[in-house]
Amino acid sequence: MTAVATRATAARSSTAWLLALVLAGQFMAILDVSIVNVAAPTMRADLGASGSGLQLVISGYTIAYAMLLITGARLGGLLGYRRLFLIGLVVFTAASLMCGLAPSTALLIAFRLLQGAGAALMVPQVLSLIQITFEGASRARALGVYATVISVAAVVGQVLGGLLVTADLFGTSWRPVFLVNVPIGLVLLVAGARLLPSAHVPREHGLDLPGLVTLSLAVSLLVVPLVLGHEEDWPLWGWISMGASAVAFAAFLLVERRARHPLVPGRLIRTPGMVAAASGIFLVMAAYGGYLFSMALHLQGGLGDSPLRAGCLFIPAAGAFGLTSLNWKRLPARLHRPMIVAAAVLTAAGQLALAAALAGGGHGEPLLEISFAVIGTGMAGTFSPLMAVALAQVAPSDAADASGLTAMMLQLGQVVGVAAFGTLFLSLTPSAHAITVTVLGLAATSLAAGLCALPLLRRRVPAP
């Protein structure tokens, strides 16, 4: 009995270290979305970047990341999750070093695209490894920690970016926001080579190159104009590109119907709760990305806060998100599915309170911090159970495809949220009502996420 207990303890310790390792990689990937925003003005002054060039520096990472996520997931299923995680980590770390040393805007854009490609190879393996390593309640707890990492990384990125730029270490200005990844990446590489399991679920699926090409084209046609549209004053090519993306997505569906090894298998889409959960994840992350971006613009541009103070104001939201993500499973199982819809309503209520707090033109404290905490609680109560629902019935052999699909919906949601609500806010600025109207739009999006989750209330959909 003692030997059995010792082996069980060792197994739990091993899986805990594995989870910490892969989530550290996830943390770096999310961190790099927000940390660069704070350094943007300093980069522009140092490199003489144009507005569109600076926008590509900030968003090139996200474009490559979103476009290649499903590709990274499929490659992980084919070649092994451990191998792809480590390859992605090598590319990400090397690209971070090159970004930190880049002498020009053009090279910095190129290295940011490479960095996003590395993240796209690495990040889908995180969900796949969680999916094949954990079961039942332990999987739900692992997904709760995963959701917490996403929230905390976005806030830490803003705070850490402000600290590093303000410190101007050894006169390096903005460069440490990239270089900070290098020592962390090297430590994770050494640890990953020792801790990550080399075995993976055998796959019979091929790479589906036609599907990869058409999906990448469809995502690129949608994401690029969304990211650059406002900076370029919404030119005609942007609208044509977004229209063409609908055609490309339709072509992708036709290709998938005829594919021998489709990129997104039909049985995955038919998994109970998958479509509703994926749609809800997209809308929750659109509201989340738009909330972080528009509030950062308002706090720094409209209210004159420093990057550090603006980042610190998000701490109540991150703390509430983390606590809820880690503890929602403690509720009775019969409440898990209704909680998703109720949490979406709670998020919208917090956003309405935020609009009221900001209506006077100031910070509206302490209602500001209270509403931030309510929003964080509601978003976590929607997002974390939705992730659990999306993966609850997925077979281990489909873990890679499910991870790629949910990760892509998560990332695309953030891209669309930043583009849509950032454009709304900037288009209304300098009107005093810009942030109020934007936050009301966020509340409507949160309610839409709750509507998407209504099919999950049916008894045939498994509880998370």
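Quick caveat: nothing in here was measured; it's all calculated off a predicted structure.

Trainee: Even after reading the chapter, I still don't get the overall build of the protein chain, so can you show me in this structure?
Mentor: Along its length, the protein chain carries 17 helices and zero strands. Relative to its length of 464 residues, the protein chain is compact, with a C-alpha radius of gyration of 21 Å against a globular reference of 23 Å. For the C-alpha atoms alone, the extent of the protein chain along its principal axes is close to 65 × 55 × 50 Å. A buried classification covers 55% of the 464 residues belonging to the protein chain. Considering only intrachain contacts with a sequence separation of at least 6, the fraction spanning at least 24 residues in the protein chain is 84%.

Trainee: Hey, could you run me through the layout of surface pockets in this one?
Mentor: Left-over empty space is what a probe sized like a water molecule reveals as it rolls over the atoms. Here the largest pocket defines a volume of roughly 1000 Å³. Around the largest pocket, the lining comprises 36 residues; the ones closest to its centre are Asn37, Gln55, Ile58, Phe293 and Leu297. Looking at the lining of the largest pocket, the elements with two or more residues in it are helix H1 (2–47), helix H2 (51–79), helix H5 (136–167), helix H8 (209–228), helix H11 (274–302) and helix H16 (399–428). Here the residues of the lining of the largest pocket sort into 19 nonpolar, 15 polar and two charged. By volume, the second largest pocket is sized at about 430 Å³. In terms of lining, the second largest pocket is formed by 18 residues, of which the most central are Phe252, Ile269, Leu405, Met408 and Met409. Contributing elements (two or more residues each) for the lining of the second largest pocket: H8, helix H9 (236–258), H11 and H16. For the lining of the second largest pocket, the leading source of residues is H11, giving five residues. Looking at the lining of the second largest pocket residue by residue, the classes come out as 16 nonpolar, one polar and one charged.

Trainee: Any chance you could explain helix H13 (residues 315–327) here in plain terms?
Mentor: Residues spaced three or four apart along an α-helix point in a common direction, a consequence of the helix completing one turn every 3.6 residues. Taking 1.5 Å as the rise per residue, H13 with 13 residues should run 18 Å; its terminal C-alpha atoms sit 18 Å apart, in good agreement. Among the residues of H13, those classed as buried are Ala317, Ala318, Ala320, Phe321, Gly322, Thr324 and Ser325. The secondary structure elements touched by the buried residues of H13 are H5, H11 and helix H15 (367–392).

Trainee: Hey, could you run me through the packing of helix H14 (residues 336–358) against H15 in this one?
Mentor: Between two packed helices, what matters for the description is the angle formed by their axes and the separation of those axes. Contact geometry of H14 with H15 gives a least axis separation of 8 Å together with a crossing angle of 155°. As the angle between them shows, H14 and H15 are arranged roughly antiparallel. Where H14 crosses over H15, the two elements pack in a sense that is left-handed. Here the residues of the contact of H14 with H15 sort into 18 nonpolar, eight polar and no charged.

Trainee: Would you explain unusual backbone geometry in this entry?
Mentor: Negative phi values dominate among residues other than glycine, just as trans dominates among peptide bonds. Backbone torsion omega between Glu365 and Pro366 reads 5°, so that peptide bond is classified as cis. With respect to the helices and strands, Pro366 occurs in the loop between H14 and H15.

Trainee: Sorry if this is basic, but what is going on with the nonpolar core here?
Mentor: Among soluble globular proteins, nonpolar side chains are generally buried collectively. The biggest cluster of nonpolar side chains holds 108 residues, and the ones touching the most others in it are Tyr65, Tyr146, Tyr291, Met295, Leu354, Phe372 and Phe383. With 14 residues, H11 is the single largest residue contributor to this core. When residues no more than four places from it in sequence are discounted, the contact partners of Tyr65 are Gln26, Ala29, Ile30, Gly116, Ala119, Ala120, Val123 and Gln411.

Rules and cut-offs
Residues numbered from 1 in each chain as written. Predicted model: local features only at pLDDT ≥ 70, side-chain atom pairs only at ≥ 80, totals over all residues. Heavy atoms only, no water. Helix = DSSP H or I, 4+ residues; strand = E, 2+ residues; numbered from the N terminus. Rg over C-alpha atoms; globule rule 2.2 N^0.38 Å. Buried < 20%, exposed > 50% of the residue type's maximum accessible area, 1.4 Å probe, protein only. Contact = heavy atoms within 4.5 Å. 1 Å grid on protein atoms, 1.4 Å probe; cavity = no way out; pocket = protein on both sides within 12 Å on 5 of 7 lines; lining within 4 Å. Points joined across faces, edges and corners; volume = space filled by probe spheres on them. Nonpolar A, V, L, I, M, F, W, Y, C, P; charged D, E, K, R; others polar. Expected span 1.5 Å × (residues − 1). Axes fitted to C-alpha atoms, helices over the stretch in contact; angles between N-to-C directions. Parallel < 35°, antiparallel > 145°, perpendicular 65-115°, else oblique. Left-handed = near helix turned anticlockwise from the far one by under 90°. Core = buried A, V, L, I, M, F, W, Y, C linked by side-chain atoms within 4.5 Å.

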